[in-house]
Amino acid sequence: MTENIYEHIDLCEIYEPIFEPPESFLKECTQYWLSEWRKKCKPFVFPDGSYVLNSDGEIHYCRNGIMIKVSEHFPAEGRTVEELLEDLVIYQSKQM
């Protein structure tokens, strides 16, 4: 039976960084990568008062550039946020 000679090596125990980079270097790197990211990614601005559904199925409410995670605290057999919002839209349209 042959064992892997590297099987019992814990890399966390043997790794020692050579040095800690200076804070100024870390800030410079952060600014560089943020500027590169801004060149490639255009921000998407949601209209105020909009709801956004992300890929994990979480709903966020967007207002004045702030996104707030919305959680439902209703009974399982009760109405959902979407149903309540639909009723609100209908009610508001009747007020006009």
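For clarity, every value in this text was computed on a predicted model and none was experimentally measured.

Cut-offs applied
- Per chain, the residues get numbers from 1 upward, laid out in the order the sequence is written.
- For this predicted model, a pLDDT threshold of at least 70 governs which residues receive local features, and a threshold of 80 or more governs which side-chain atom pairs are given and counted, while totals over whole chains, interfaces and linings are taken from all residues.
- Only heavy atoms go into the side-chain values, all of them from the structure, while hydrogens and water stay out.
- Secondary structure elements are taken from DSSP: a helix is a run of H or I of four residues or more, a strand is a run of E of two residues or more, and numbering for both begins at the N terminus.
- Any residue under 20% of the maximum accessible area for its type is buried, any over 50% is exposed, and the rest in between are partly exposed; the area is computed with a 1.4 Å probe on protein chains only.
- Note on contacts: a residue pair is in contact if any heavy atoms of the two residues lie within 4.5 Å.
- What sets the accessible areas is the Shrake-Rupley method with a 1.4 Å probe; for residues, cover comes only from the shown protein chains.
- By definition, a salt bridge exists where a carboxyl oxygen of Asp or Glu is found within 4 Å of a side-chain nitrogen of Lys or Arg.
- By this rule the span expected of a helix is its residue count minus one, scaled by 1.5 Å.
- Planes of paired rings set the category: under 30 degrees apart is stacked, over 60 is edge-to-face and the rest tilted, where pairs are Phe, Tyr or Trp rings (Trp by its six-membered ring) whose centres lie within 6.5 Å.
- Following DSSP output, two strands are said to pair if at least two bridges run between them.
- To obtain each axis, a line is fitted to C-alpha atoms, and for helices this fit is confined to the stretch in contact; angles are then taken between N-to-C directions over 0 to 180 degrees.

### Things to note about the overall build of the protein
What the protein contains, in helices and strands, is 3 helices and 3 strands. Along the protein, from the amino end to the carboxyl end, the secondary structure elements read α-α-β-β-β-α. Per-residue burial for the protein yields a buried fraction of 7% across its 96 residues. In the protein, 2% of the contacts between residues at least 6 apart in sequence involve partners at least 24 apart. When the accessible area of the protein is evaluated, it comes to approximately 9,500 Å², of which 59% is carbon and sulfur surface.

### Re the pattern of salt bridges
For the structure on display, the rule yields 3 salt bridges. Residues Glu36 and Lys39 are paired through a salt bridge, measuring 3.0 Å at the closest nitrogen-oxygen approach. In this pair, Glu36 and Lys39 both sit in helix α2 (residues 23-40), 3 residues apart, roughly one turn of the helix. Taking the shortest distance from any N to any O, the salt bridge between Glu58 and Lys69 comes out at 3.3 Å. Of this pair, Glu58 sits in the loop between β1 (50-53) and β2 (59-63) while Lys69 sits in strand β3 (residues 66-70), and the two are 11 residues apart along the sequence.

### Considering α2
A rise of 1.5 Å per residue sets the reference length of α2, with its 18 residues, at 26 Å; its end C-alpha atoms lie 26 Å apart and thus fit the reference within 8%. The buried count for α2 comes to 1 of 18 residues, which makes it a mostly uncovered element.

### So, the packing of aromatic side chains
Using the criterion set out here, one finds 2 aromatic pairs in the structure. Both rings, one in Tyr32 and one in Trp33, keep their centres 4.9 Å apart while their planes meet at 75 degrees; by these two values the pair is edge-to-face. Judged by its relative accessible area of 43%, Tyr32 is partly exposed.

### Here we look at the sheet that holds β1
Read across the open sheet, the 3 strands follow the order β1-β2-β3; overall the sheet is antiparallel. At either end of the open sheet lies a strand with only one pairing partner, and these are β1 and β3. Pairwise comparison of adjacent strand axes, ignoring direction, gives a mean angle of 30 degrees for this sheet.

### Describing the side chain of Ser50
Relative to the elements of secondary structure, Ser50 occurs in strand β1. Leave out the neighbours within four places in its chain, and Ser50 touches His60, Tyr61 and Cys62.

### Here's the deal with the pairing of β1
Residues Ser50 and Val52 line the buried face of β1, whereas the alternating positions Tyr51 and Leu53 sit on a face that is not buried. In the sheet, β1 pairs with β2 via 4 bridges, with the strands oriented antiparallel. Bridge pairing links Tyr51 to Tyr61 in β2.

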